[in-house]
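Summary of the model geometry
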Amino acid sequence: MRFRLDMRRQLEKQARAARRNGGLDLYLPVLPRGGIFLMASFIVAEMPIGRDHTVPPEAVIAQLADDDVPGGTAGTVDVAGAPALRRAYRCALDEEKRQGALPTRRIDYVIPVPDDPGRWISINFSTPGDGDVDSEFTDVLVELFDAVVGTFRWSDE
């Protein structure tokens, strides 16, 4: 029960922060699946990357991939037929600064909007998994999120 309460507090903070930082969508599982409550979320937001039309998306992705990801990885992947950045890392929280917050596993995708130079979206996933960010269960949640992003397609509607 304590784990659930801690997770709820963390998700409520995340929702408030997403709204303040220009989040477009926040996805949270609200019902148990197979008797298990999935503690995970992802946020879709527009990135504040400059509108310099002369910089190709590959150069922006390369620059973002070079940014330091302590204890993580970053690289180029294909999303919806275009190059995108995928960054994976663990966030071990300083207990003195964030009492009650849980360590999380995070995956970020940064994707250029086609035919609109300078517009980018980010899709940011976060989960404490089952309380162990290195567990097999947590790995499965990360794989599920990657599969969801793999279905992403652009629409002109």
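Since this is a predicted model, take the numbers as computed values, not measurements. (Residues numbered from 1 in each chain as written. Predicted model: local features only at pLDDT ≥ 70, side-chain atom pairs only at ≥ 80, totals over all residues. Heavy atoms only, no water.)

1. Let's talk about a positive patch on the surface
Together, Lys13, Arg16, Arg19 and Arg20 line one region of the surface with positive charge. Looking at the secondary structure, you find lysine 13 in helix α1 (residues 2-20). Among the residues examined, lysine 13 registers a relative accessible area of 44% and is labelled partly exposed. (Patch = residues over 30% accessible without salt bridge, like charges linked within 9 Å, V, L, I, M, F, W, Y side chains within 5 Å. Areas by Shrake-Rupley, 256 points an atom, 1.4 Å probe, with all protein chains shown as cover. Salt bridge = Lys/Arg side-chain N within 4 Å of Asp/Glu carboxyl O. Lys, Arg positive; Asp, Glu negative; His and termini not counted. Charge placed at Lys NZ, Arg CZ, Asp CG, Glu CD. Helix = DSSP H or I, 4+ residues; strand = E, 2+ residues; numbered from the N terminus. Buried < 20%, exposed > 50% of the residue type's maximum accessible area, 1.4 Å probe, protein only.)

2. With respect to the packing of aromatic side chains
With the rule as written, the count across this model stands at 5 aromatic pairs. Seen from their ring centres, phenylalanine 125 and phenylalanine 145 are 4.6 Å apart, and the 15° between their planes marks the pair as stacked. Here phenylalanine 125 is found in strand β6 (residues 120-127), whereas its partner phenylalanine 145 is found in helix α3 (residues 136-150), with 20 residues between them in sequence. When sorted by exposure, phenylalanine 125 lands in the same class as phenylalanine 145, which is buried. An aromatic cluster is present here, built from Tyr27, Phe42, Tyr109, Phe125 and Phe145 joined pairwise through their rings. (Phe/Tyr/Trp six-rings, centres within 6.5 Å; stacked < 30°, edge-to-face > 60°.)

3. Some remarks on the layout of surface pockets
If you add up the space inside the second largest pocket, you get close to 250 Å³. Lining the second largest pocket are 14 residues, and of these Pro29, Leu38, Ala40, Phe42 and Leu144 lie nearest its centre. Sorting the residues of the lining of the second largest pocket by element identifies β2 (41-46) and α3 as the ones contributing at least two each. Looking at which element gives the most residues to the lining of the second largest pocket, the answer is α3, with 4 residues. Class assignment of the residues belonging to the lining of the second largest pocket gives a composition of 12 nonpolar, 1 polar and 1 charged. (1 Å grid on protein atoms, 1.4 Å probe; cavity = no way out; pocket = protein on both sides within 12 Å on 5 of 7 lines; lining within 4 Å. Points joined across faces, edges and corners; volume = space filled by probe spheres on them. Nonpolar A, V, L, I, M, F, W, Y, C, P; charged D, E, K, R; others polar.)

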